[in-house]
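# Notes for the structure review
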Amino acid sequence: MSAPNSSDELYPIAVLIDELKHDDVTLRLNAIRRLSTIAQALGEQRTRDELIPFIDESVDDEDEVLTVLAEELGNFTPYVGGPEHAHILLSPLDNLAAVEEPLVRDRAVESLNKIAEVLSPQQIEEYYLPLIARLSSGEWFTSRTSATGLYATVYPRAPEGTREGLRAAYGKLCRDETPMVRRASSTNLAKLITAAGESITNDLLIQEVVPLYMHLASDEQDSVRLLTVDPLIALSEKLGPEAAERELGSEMKAMIEDKSWRVRYMIADRFVTLAASVSASVVKSVLIEAFIRLLSDTEAEVRTAIAGQIPGFAKLVDDSALFVERIIPKIQELVNDGSQHVRAALASQLGGLAPLFGTEATVEHLLPMLQRMLEDDFPDVRLNIIAKLDMVNGVIGIDRLSQSLLPAIVKLAEDKQWRVRLAIIEYIPILAQHFGVQFFDAKLGTLCMSWLGDHVFSIREAATVNLRRLTEVFGIEWATRTIIPQVLAMAAHPNYLYRMTTIFAISTLAPAVDVSVVDQYILPTITQLVEDPIPNIRFNVAKSYEVLIGVLKATEEGRGVIGEKVKPMLEKLEGDKDADVRYFADEDLEEEGSEYIQVQFAVAKENDASWVRIVIVIVIEGHML
């Protein structure tokens, strides 16, 4: 057989290259996504000499195509010959970093940073630093904006003699006349401080970087100022508590009191991180007042953000008495805040204070707030309180919790919002485990059974799971005496949804009980429903038999019940007029047959000697072995 023609092998590659020039955007996109295939076929040398220059000339395209191209080039180092040739990729990415579409520029910057990580110091000095200089001094703001994202990756790896120039160039970008460039400088300043590590000393930070931060923090545009929170935190962490207080203390206070609510929101959203970067004395002397001020802010968004910081800040204060004295009164005001979002944020955090406060302070200060918020009109507030009750329970114990909150919890069990009812259902087994059988039967038993008749399916489904979990807590005997009779009684209800719920409950409960309960209580009810007039009931009966067979086949007694009571009902359902019923009945019979073991005993006499012959016939998927 003759060798394949090389032109035939290269034909698909030629098609791909043609698609890169095609008028159809979809074809060009597909070709860009398969650039690696083209590069592999061309080889490293031709990729460097032909493909990359071609791509460099093709950056005038749709934004969607350019976005994919910028992303692909970041992974192209292996196809151009490895790190020693990776600088070849900088040219097209240089052009892409200057386009108008922000998403394309972002992808180009990500790819440039990825390539910078594999370049040698010589390549960085020869190729990468000139690229940064070009972008930083570009005529259009787009290139200068992209340049701000390149300094953090390259600064620690740049030759020491070039670092001063890099700092000067970044400082110029921080003072750029275009707000978009200053915003990008603010965003990337924290990354630069963090990435620089030991390559920037504290003296350099104070002499050069802190003034840049001060300039950005006092910018006339609030869109710039709000982005200086992360640089403030990065500087504080790098300088250390004492130097941070000395150099940045006034700026912290200024940001907290900023006239723009968006700046105050950003500082509130990162308050704990900022507080962790300063000394304990600053926390108590300065930041407690700041925290109180933000809790009383005129804007609901700011109050919402600071409410999410409450447990974290309480941990940093590390003085529950001081926290209770100064901050709890303001938190109590938020319980009745006019904004439902503020109350919901507070509700999600209050429980986290209990482990910090201890038993007495939790009972005295937190429980009254929890009680009020459990009665809040907004359902998310009630849900958030319920979600954190386990934290409160771990501190004060279930007895005190039940005395204080049980009436409210019982009331919530009938809440008009089904999500609230669902949250209560999921919490019931925990309460049951702590309360014990007598208390549960007296206070919560009727409530649990009432959920089986709820008009929302998710509630009925959760209620059946809840009954199984209660059975696991209190035992089979309790279930047989209390809940199973009530569940089975619903099988005679005239409303078919109640009968359906009975089937679901039986299927859920069966794995938690033993064979005798299934035989004596469950099977008679299921047998009764085999002849239900509603096809959907019979269909679910057939499905439930699969679960029951799984429980029964575990014991010899159960296998006998399968043959005596289950199999005849399945055979009856196999002749049902509904196709779905017949299908599941057939499935169940196959399941039953695959595990059925028949043992036959035969006694014979040979040469006046009695012997027993045991024949074991195992039927697996219809085959006799």
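Anything mentioned here points back to the structure above.
On a predicted model such as this, the values are computed, not experimentally measured, just so you know.

## A word on the overall build of the protein
In terms of regular secondary structure, the protein is built from 39 helices and 3 strands. A compact globule built from 625 residues should have a C-alpha radius of gyration of about 25 Å, whereas the protein, at 36 Å, is more than 25% larger. Its C-alpha atoms put the protein at 105 × 95 × 50 Å along the principal axes. The buried share of the protein, taken over its 625 residues, is 49%. When the accessible surface of the protein is split by element, carbon and sulfur atoms take 49% of a total near 29,900 Å². Averaging the coordinates of the 59 positive side-chain charges in the protein and doing the same for the 95 negative ones gives two points 5 Å apart.

## Comments concerning the layout of surface pockets
Estimates place the volume of the largest pocket at around 380 Å³. Along the walls of the largest pocket sit 18 residues, with D106, T145, T148, A184 and N188 positioned nearest its centre. Mapped onto the lining of the largest pocket, the elements with two or more residues apiece are α7 (102–116), α9 (141–147), α10 (151–154) and α12 (179–196). Sort the elements by how many residues they give to the lining of the largest pocket and α12 lands first, with 6 residues. Within the lining of the largest pocket, the residues separate by chemical class into 6 nonpolar, 8 polar and 4 charged.

## With respect to the side chain of T148
On the secondary structure map, T148 appears in the loop between α9 and α10. Side-chain polar atoms of T148 contact the backbone oxygen of T145, separated by 2.6 Å. Discounting residues that sit within four places of it in the chain, T148 has contacts with Y170, L173, V181, A184, S185 and N188.

## Re the packing of aromatic side chains
With the rule as written, the count across this model stands at 10 aromatic pairs. Residues Y151 and Y170 carry aromatic rings whose centres are separated by 5.1 Å and whose planes lie at 75° to one another, so their mutual orientation is edge-to-face. One end of the pair, Y151, is in helix α10; the other, Y170, is in helix α11 (residues 160–174), with 19 residues separating them in the sequence. Comparing Y151 with Y170, the two get one shared label, buried. Centroid distance F291 to F313: 4.4 Å. Interplanar angle 15°. Geometry classified as stacked. One end of the pair, F291, is in helix α19 (residues 280–295); the other, F313, is in helix α21 (residues 310–317), with 22 residues separating them in the sequence.

Calculation criteria
Residues numbered from 1 in each chain as written. Predicted model: local features only at pLDDT ≥ 70, side-chain atom pairs only at ≥ 80, totals over all residues. Heavy atoms only, no water. Helix = DSSP H or I, 4+ residues; strand = E, 2+ residues; numbered from the N terminus. Rg over C-alpha atoms; globule rule 2.2 N^0.38 Å. Buried < 20%, exposed > 50% of the residue type's maximum accessible area, 1.4 Å probe, protein only. Areas by Shrake-Rupley, 256 points an atom, 1.4 Å probe, with all protein chains shown as cover. Lys, Arg positive; Asp, Glu negative; His and termini not counted. Charge placed at Lys NZ, Arg CZ, Asp CG, Glu CD. 1 Å grid on protein atoms, 1.4 Å probe; cavity = no way out; pocket = protein on both sides within 12 Å on 5 of 7 lines; lining within 4 Å. Points joined across faces, edges and corners; volume = space filled by probe spheres on them. Nonpolar A, V, L, I, M, F, W, Y, C, P; charged D, E, K, R; others polar. Polar contact = N/O pair within 3.5 Å; in protein donor to acceptor, adjacent residues only side chain to side chain. Contact = heavy atoms within 4.5 Å. Phe/Tyr/Trp six-rings, centres within 6.5 Å; stacked < 30°, edge-to-face > 60°.

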